[in-house]
Amino acid sequence: MVKGSYELASKLVADMIRDELEKKPNMILGLATGSTPLGVYKELIRLHKEEGVDFSNITTFNLDEYVGLGKDHPQSYYYYMRNILFNHINIREENIFIQDGKAEDFNRECERYDELIKEKGGIDLQILGIGENGHIAFNEPADKLSVGTCIVQLTDSTINVNSRFFDSIEEVPKTAITMGIGSIMQAKKIILMADGEKKADIMKKLLESKYISTDIPASLLLLHQDLTIVLTRSAYKL
Ligand code: GLP
């Protein structure tokens, strides 16, 4: 576990991505949305523009997407990724994968996404944020968690938290398509990031807990053999 300022945490994660990229220029990178990784993406852009880091051979898979929001919707995760990262580095369009929020057949879309990840050789490094309720990607606390990519009903708490990005809470989609816990756990390396006081309670629970539980989906990550947790000071209350 590493603690520091948001800037330091972001630089550290970006450096871990850079190290991985040096070892494997065609690495498969799993990406997250939300506020937490913004600093990492900013630093990746800087590394590309100022230090010539080359992203032309990487492939990315995003964790999740809102059901019903197309690529052009400003609140879709596809739109976020374009604006925040992809438009500013030299990644190739054909190497970008995000679930289709407008798919005609969502069962097929879930299968297709998992098959694609496998076909590309699996995720080398997965970046994760955490929800205030312990969700990872959109795997919400529940009795059962899906192994593969699936459709989930968002909890009221997540809808509420994510409404800050929408004009009104009514506009937040109630369903999403997300990589499952199994798809995430198959990543060779995982970095879980947490920033802000709002994450302090869940991080405390997670780090002090001696148990895994589907009530805190992120707790399953504790079983992963190559997990790095990067916390900013505000998210740390142990
Ligand atoms: C969202 C996303 C997650 C993200 C989490 C935390 O709902 N689906 O992938 O990690 O919430 O978001 P933030 O970083 O904005 O706190």
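Model, not experiment: these values are computed from the prediction.

Caption draft 1: Main features of a nonpolar patch on the surface. A cluster of nonpolar side chains, namely Ile-212, Leu-222 and Leu-223, defines an oily patch on the protein surface of about 260 Å² accessible area. Here Ile-212 lies in the loop between α7 (200-208) and β10 (227-232).

Caption draft 2: Representation of helix α4 (residues 106-119) in the model. With 14 residues, α4 extends 20 Å between its outermost C-alpha atoms, agreeing within 8% with the 20 Å of an ideal straight helix rising 1.5 Å per residue. For α4, the complete set of buried residues consists of Phe-106, Glu-109, Cys-110, Tyr-113, Leu-116 and Ile-117. The arc enclosing the buried residues of α4, seen along the axis, measures out at 130 degrees, which places them on a common side. In α4, those exposed residues whose orientation departs by more than 90 degrees from the buried face are Asn-107, Lys-118 and Glu-119. In this fold, the buried residues of α4 make contact with β3 (59-62), β5 (96-97), β7 (150-153) and β8 (175-178).

Caption draft 3: Representation of the sheet that holds β7. Taken in spatial order, the 3 strands make up an open sheet running β4-β8-β7, and their pairing is antiparallel. Two strands lie at the open edges of the sheet, namely β4 (64-66) and β7, each paired on one side alone. Averaged over all pairs of adjacent strands, the angle between strand axes in this sheet comes to 25 degrees, irrespective of strand direction. Alignment of β4 against β8, held across 3 bridges, turns out to be antiparallel. Its bridge partner lying in β8, Tyr-66 is registered against Ala-176.

Caption draft 4: Broad picture of the pairing of β7. The alternating pattern of β7 places Cys-150 and Val-152 on a buried face, while none of Ile-151 and Gln-153, on the opposite face, is buried. As defined by bridge partners, β7 adjoins β8 across 4 bridges and the pair is classed as antiparallel. The residue bridging Cys-150 from the neighbouring strand is Thr-178, located in β8.

Rules and cut-offs
Residues numbered from 1 in each chain as written. Predicted model: local features only at pLDDT ≥ 70, side-chain atom pairs only at ≥ 80, totals over all residues. Heavy atoms only, no water. Patch = residues over 30% accessible without salt bridge, like charges linked within 9 Å, V, L, I, M, F, W, Y side chains within 5 Å. Areas by Shrake-Rupley, 256 points an atom, 1.4 Å probe, with all protein chains shown as cover. Salt bridge = Lys/Arg side-chain N within 4 Å of Asp/Glu carboxyl O. Helix = DSSP H or I, 4+ residues; strand = E, 2+ residues; numbered from the N terminus. Expected span 1.5 Å × (residues − 1). Buried < 20%, exposed > 50% of the residue type's maximum accessible area, 1.4 Å probe, protein only. Arc of directions from axis to C-beta. Contact = heavy atoms within 4.5 Å. Pairing = 2+ DSSP bridges. Axes fitted to C-alpha atoms, helices over the stretch in contact; angles between N-to-C directions.

By themselves, these figures tell us nothing about what the structure is for.
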